[in-house]
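Residue-level structural notes
Single-letter residue listing:
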Amino acid sequence: MQRKRPRFGPVLFYALAGTFGVYLTFAAVQGEYGLFHRIQIEADAVLLRAERDRLLLQLAEIENRTRRLSDDYLDLDLLDQQAREILGYARADEIILR
């Protein structure tokens, strides 16, 4: 009677295929182009869009003030306010509290 030796070929094939499958699954979830990285990029994009919108509002406000202080359209109230804040001007009949 001859003893049959166990065949390691199919076992080795399935072991390698399983390892490769685990590696691909890990790369799909944790890798550079994986699911978690994509979620992080989308969260960063939302924050950057919010910052962009905030900066656009600031830009609009600055453009409005610049236009109001231009030669074509001079807002005397804004000019008075800026002179008081930046230069520290005050009228003679005013009392300043600090």
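Please refer to the structure higher up on the page.
Below, the structure is looked at part by part. Here the residue numbering is sequential within each chain, running from 1 through the sequence in written order. Local features in this predicted model are restricted to residues whose pLDDT is 70 or higher, and side-chain atom pairs enter the listing and the counts only when it is 80 or higher, whereas totals over whole chains, interfaces and linings include all residues. Calculated side-chain values reflect all of the structure's heavy atoms, with hydrogen atoms and water omitted.

**Points about the pattern of salt bridges**
Side chains that differ in charge, positive against negative, can pair when their charged atoms come close. Condition: Salt bridge, as used here: a side-chain nitrogen of Lys or Arg that lies within 4 Å of a carboxyl oxygen of Asp or Glu. Elements are defined by DSSP. Helices are runs of H or I of four residues or more, strands are runs of E of two residues or more, and each kind is numbered from the N terminus.
A complete count under the given rule lists five salt bridges for this structure. Arg52 is the salt-bridge partner of Asp53, the closest N and O atoms lying 3.2 Å from each other. Glu94 is paired through a salt bridge with Arg84; the nearest N and O atoms lie 2.6 Å apart. Of this pair, Glu94 sits in the segment after helix H3 (76-87) while Arg84 sits in helix H3; the two residues are 10 residues apart in sequence, bridging distant segments of the chain.

**Quick word on a nonpolar patch on the surface**
Threshold: A patch consists of residues whose relative accessible area exceeds 30% and which take part in no salt bridge; residues with like charges are grouped when within 9 Å of each other, and nonpolar side chains (Val, Leu, Ile, Met, Phe, Trp, Tyr) when within 5 Å. Residue exposure ignores everything except the shown protein chains as possible cover, and the areas themselves are Shrake-Rupley values with a 1.4 Å probe. Between buried and exposed lies partly exposed: a residue is buried under 20% and exposed over 50% of the maximum accessible area for its type, with that area taken using a 1.4 Å probe on protein chains only.
A cluster of nonpolar side chains, Leu69, Leu74, Leu76 and Leu79, forms an exposed patch at the surface whose accessible area comes to about 360 Å². Position of Leu74 among the secondary structure elements: in the loop between helix H2 (35-68) and H3. A relative accessible area of 45% places Leu74 in the partly exposed class.

**Some thoughts on H3**
Which entries qualify depends on this criterion: In a helix, the anticipated span is given by 1.5 Å times the number of residues less one. In this description, contact between two residues means that some pair of their heavy atoms is separated by no more than 4.5 Å.
Compared with an ideal rise of 1.5 Å per residue, which puts 12 residues at 16 Å, H3 spans 16 Å between its outermost C-alpha atoms and is within 8% of the ideal. Turning to H3, the residues buried within the fold contact H2.

**Comments concerning the packing of aromatic side chains**
In plain terms, the rule: In summary, the pairing rule links any two rings of Phe, Tyr or Trp, Trp by its six-membered ring, whose centres are within 6.5 Å, and it sorts them by plane angle into stacked for under 30 degrees, edge-to-face for over 60 and tilted for everything else. Consider the ring centre and the ring normal. A charge sits over the ring if Lys NZ or Arg CZ is within 6 Å of that centre and within 35 degrees of that normal.
In total, this model carries one aromatic pair according to the counting rule given. Between Phe13 and Tyr14 the ring centres are 5.3 Å apart and the planes differ by 70 degrees, which places this aromatic pair in the edge-to-face class. Judged by its relative accessible area of 53%, Phe13 is exposed. If you follow Arg67 out to its NZ or CZ, it ends over the ring of Tyr73, 4.8 Å from the centre.

**Focus on the environment of Ala50**
Tracing the chain through its elements places Ala50 in helix H2. In sequence terms Ala50 and Glu94 are 44 residues apart; their C-alpha atoms lie 43 Å from each other.

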